[in-house]
Amino acid sequence: MAVLALLPHCGGNTSSLDREPLEQHGDPAAGANTFIAIADAQVDSSRPSTNLGAEEQLCVDRTPIEYRTFLRFQVKGLQGRVKRATLRLFVTNGSTDGPVVHRVDPQWKEDVVTFDQQPSLFGPALFTAGALRSGSWAELDVTRAVTGNGVVNLGLYSSGADGADFSSREDRDPALHPRIVVEMEPVPPTNPVPAPDWVLHRGGPGDEHVQVMATAENGLDFLVAGSFTGSGDFGGDVFQGERGLVVARYGADGAHRWSHAYALGAKVEATGLAVSASGEAWLVGAYQGAPDLGTGALPFIEESPTTSGFFLLKLSPEGEPLWSRGVRAEHPAPSSGITRTGLVRAQAVVIDSQGSVVVTGHFQGEMSLGRGRLYADPGNRTRDDHVPALFLAKFHADGANAWSLAFPGGDSGTRAEALATDGAGFIYVGGDTDSQVLGATGVRTPFLGKLSANGTPQWFRALNGARGSIRALAPFAQGDVAFVGDINGRFSFGGKDIDASEDVLLGTLHATAADGWVHVLGGRSAGQAHALGVSAEREFIVGGWTRDGRLDLGGGALGKASIPQGDVLHFVARYDARGAHLDSRALGITGPGNAALQVTSGGQARLCVPFNDALSPDGATYASRGAGDLLFLQLTPE
């Protein structure tokens, strides 16, 4: 008795290629860096409201019925640079005209999607297949959609009159399920970590701290700003007193040039430092009381956990005070006539190509920077509002205010963390926000923005869906900008959904705010990047810390998994212009606090790491001489 076996397919002409015997076999490429589909579905124009997500085959056709197919993959665990990514589909019904593959909107679900409710296309076609033979694997190049870890959403569309069918992830043979195979660039051999160029231990019986570091006007020396309690030894004269603010200058080899203390006994903290082309240094920070930084007492700020003023101090090339100004925020209460002190905090200062000084931070209530009042809540000025708002201000070299702006927060507010300027005068700012004005749809959303030299906003970009902060920025000559920070949650970037869990964030945006590339680093190990520098070769140097020695920045775990509770492991890492990992190293375990970072044009990383016990970044052990010391070191890339 003869038996006629019919292999069903979705429609279209039956190619002669379909008449080959159906040889079902496994995927020979299965293994490392192979990712099986986590969702797939076809849609059918003849049943526009019917979900077909549970079918055992995926159809792509145009006539007489149109079929489209959608697939989702979770790519994870990749380390290094992607060389090639291939979508592999097992062909059950061949075609003379294979499908075209696109990226699609991630907002679709396997058990809900229909022809009437299907995801939209993202960008141009990734690949168009040619003739496909039944019983074989179709290979479609999707490298442009897979640049690293994250969720990948793809759509298959007919490219001709002859349809094709493929096994779905519901096929009874798991070996035939759709998959993406990723080939990585070869990893160069691991070289021994080079020793620092130099290491210098500073500190005495007191407690010394460095908050910020900046390149000097000659491009070789560097300046730091910090503080001490009890006594302060930064390499020159030892400062004595309850506390004090310190600015110091060092040579390219770390040799002490000069150091000065200011406002002895006062509650003063440095938060930002910049050096002009003529050698004057500009310092911003927070204060309470009425400290004298060398040019007269600043406006009085009550000492309480909820109050703070900010100061702007100009120093001569030798560190002598030239000009200072204090700023106070207020909460007016018209009904009682009583005005209470609020909180204003300057977080960063930069000097643009014209010699003007730009400052950013956040404040509550209202304040004046010299050009009228700024309001944290302009829509309700009489409310006792403690929601912080972003401020930006530009000052001329003589300290006169050029302009100042405020961007109100939402319910939880905006906190500025990062500031930069480029050769064209554009200003870049970053931090976290819940403000719709800054593009956010949730609380503590990382954001960055670009403004013109006169303060006109160009764009704001919020990484909606995630929480965290943008903590450092580095613009390029052509208008692109790099950013680092910390991030937690799911956000979309470059048409892909990206998951993060208390990870280090590194990425770029183009001059028009179009997404460049982004990397989430760490592998779910709590970490934060707070410093970023760029060499003349456009290599990124990132500084930060982690609470988990298993943190992977691209070259494997940094160190031991166990870090004492309350302590952090400092790190520095280097990446190429596309974000591929070049090298990284642990700098040692200390108490909480940031290590200051400055990058030379030649790519050397200069760091100042605070420590209160012992530190061993180069094999030798440096023991603290007092409550807290400083370790300066320079690293040259191999």
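Residues numbered from 1 in each chain as written. Predicted model: local features only at pLDDT ≥ 70, side-chain atom pairs only at ≥ 80, totals over all residues. Heavy atoms only, no water.

S.K.: Outline the overall build of the protein, listing residues and values.
M.R.: Within the protein, the regular secondary structure consists of 0 helices and 45 strands. Projected onto its principal axes, the C-alpha coordinates of the protein cover approximately 105 × 65 × 40 Å. Buried residues in the protein amount to 55% of all 638 residues. Taking the intrachain contacts of the protein between residues at least 6 apart in sequence as the baseline, contacts between residues at least 24 apart amount to 61%. About 25,600 Å² of surface is accessible on the protein, with carbon and sulfur atoms providing 49% of the total. When the 50 positive and 70 negative side-chain charges of the protein are each reduced to one mean point, those points stand 2 Å apart. (Helix = DSSP H or I, 4+ residues; strand = E, 2+ residues; numbered from the N terminus. Buried < 20%, exposed > 50% of the residue type's maximum accessible area, 1.4 Å probe, protein only. Contact = heavy atoms within 4.5 Å. Areas by Shrake-Rupley, 256 points an atom, 1.4 Å probe, with all protein chains shown as cover. Lys, Arg positive; Asp, Glu negative; His and termini not counted. Charge placed at Lys NZ, Arg CZ, Asp CG, Glu CD.)

S.K.: Account for the packing of aromatic side chains, with residues named and values stated.
M.R.: Scanning the model with the defined rule gives 15 aromatic pairs in all. Ring centres 6.4 Å apart and planes at 10 degrees place the aromatic pair Trp 198 and Phe 222 in the stacked group. Here Trp 198, found in strand E12 (residues 198–202), pairs with Phe 222, found in strand E14 (residues 222–233); they are 24 residues apart in sequence, far enough to count as distant. With respect to burial, Trp 198 and Phe 222 carry one shared label: buried. Measuring from centroid to centroid gives 6.1 Å for Phe 228 and Phe 239, while their planes differ by 25 degrees, and the two rings are stacked. Taken together, the residues Phe 228 in strand E14 and Phe 239 in strand E15 (residues 238–250) connect sequence positions 11 residues apart. With respect to burial, Phe 228 and Phe 239 carry one shared label: buried. Put simply, the rings of Trp 198, Phe 222, Tyr 250 and Phe 632 touch in pairs and so form one group of aromatic residues. For Arg 72, the ring lying beneath its charged end belongs to Trp 108, and the centroid distance is 4.3 Å. (Phe/Tyr/Trp six-rings, centres within 6.5 Å; stacked < 30°, edge-to-face > 60°. Lys NZ or Arg CZ within 6 Å of the ring centre and 35° of its normal.)

S.K.: For the sheet that holds strand E29 (residues 415–421), give the residues involved together with the corresponding values.
M.R.: In space, the 4 strands of this open sheet follow the order E29-E30-E31-E32, with antiparallel pairing throughout. Every interior strand has two partners, whereas the edge strands, E29 and strand E32 (457–462), have only one. Here the average twist between neighbouring strands, direction ignored, is 15 degrees. (Pairing = 2+ DSSP bridges. Axes fitted to C-alpha atoms, helices over the stretch in contact; angles between N-to-C directions.)

S.K.: Describe the nonpolar core, naming the residues involved and giving the relevant values.
M.R.: Where a protein is soluble and globular, its nonpolar side chains tend to be buried together. Residues Leu 87, Leu 154, Phe 166 and Ile 180 are the most contacted members of the largest nonpolar core, which totals 30 residues. Mapped onto this core, the elements with two or more residues apiece are strand E3 (57–60), strand E4 (67–75), strand E5 (82–93), strand E8 (137–141), strand E9 (150–157), strand E10 (164–167) and strand E11 (179–184). For this core, the element with the highest residue contribution is E5, accounting for 5 residues. Among the nonpolar cores identified, the runner-up in size contains 24 residues, and Ala 225, Leu 245, Tyr 262 and Leu 273 belong to it. (Core = buried A, V, L, I, M, F, W, Y, C linked by side-chain atoms within 4.5 Å.)

S.K.: Tell me about the sheet that holds strand E18 (residues 281–288), and please be specific about residues and values.
M.R.: Read across the open sheet, the 4 strands follow the order E17-E18-E19-E20; overall the sheet is antiparallel. Edge strands, defined here as strands with exactly one partner in the open sheet, are strand E17 (267–275) and strand E20 (321–327). Across the sheet, the mean angle separating the axes of adjacent strands is 20 degrees when strand polarity is ignored. As judged from the 6 bridges shared by strand E19 (residues 309–315) and E20, these two strands associate in the antiparallel manner. Pairing of Phe 310 across the sheet is with Val 327, part of E20.

S.K.: Before we move on, can you summarise the pattern of salt bridges with the specific residues and values?
M.R.: It is possible for side chains of opposite charge to pair when their charged atoms get near one another. On inspection of all chains with the given rule, the structure shows 30 salt bridges. One salt bridge connects Arg 169 with Glu 170, and the closest N-O pair in it is separated by 3.8 Å. Taking relative accessible area as the criterion, Glu 170 reaches 24% and is therefore assigned partly exposed. Between Arg 257 and Asp 221 there is a salt bridge; the shortest N-O distance is 3.2 Å. One end of the pair, Arg 257, is in strand E16 (residues 256–262); the other, Asp 221, is in the loop between strand E13 (207–215) and E14, with 36 residues separating them in the sequence. (Salt bridge = Lys/Arg side-chain N within 4 Å of Asp/Glu carboxyl O.)

S.K.: Run through unusual backbone geometry, naming residues and quoting values.
M.R.: As a rule of thumb, non-glycine residues mostly have phi less than zero, and peptide bonds are mostly trans rather than cis. A cis amide bond links Thr 63 with the next residue in sequence, Pro 64, at an omega value of -5 degrees. Within the fold, Pro 64 resides in the loop between E3 and E4. Here the phi dihedral of Arg 444 falls at roughly 50 degrees; this positive angle occurs in a residue that is not glycine. Structurally, Arg 444 is set in the loop between strand E30 (427–433) and strand E31 (445–451). When its relative accessible area of 33% is taken as the criterion, Arg 444 is described as partly exposed.

S.K.: Tell me what's going on with the environment of Arg 371, and back it up with residues and numbers.
M.R.: With respect to the element layout, Arg 371 can be found in the loop between strand E25 (366–368) and strand E26 (373–375). Residue class for Arg 371 comes out exposed when judged on its relative accessible area of 53%. In contact with Arg 371, not counting residues within four places along its chain, are Asn 401, Ala 402, Trp 403 and Ser 404. One polar contact links the side chain of Arg 371 to the main-chain carbonyl oxygen of Asn 401, over a distance of 3.0 Å. (Polar contact = N/O pair within 3.5 Å; in protein donor to acceptor, adjacent residues only side chain to side chain.)

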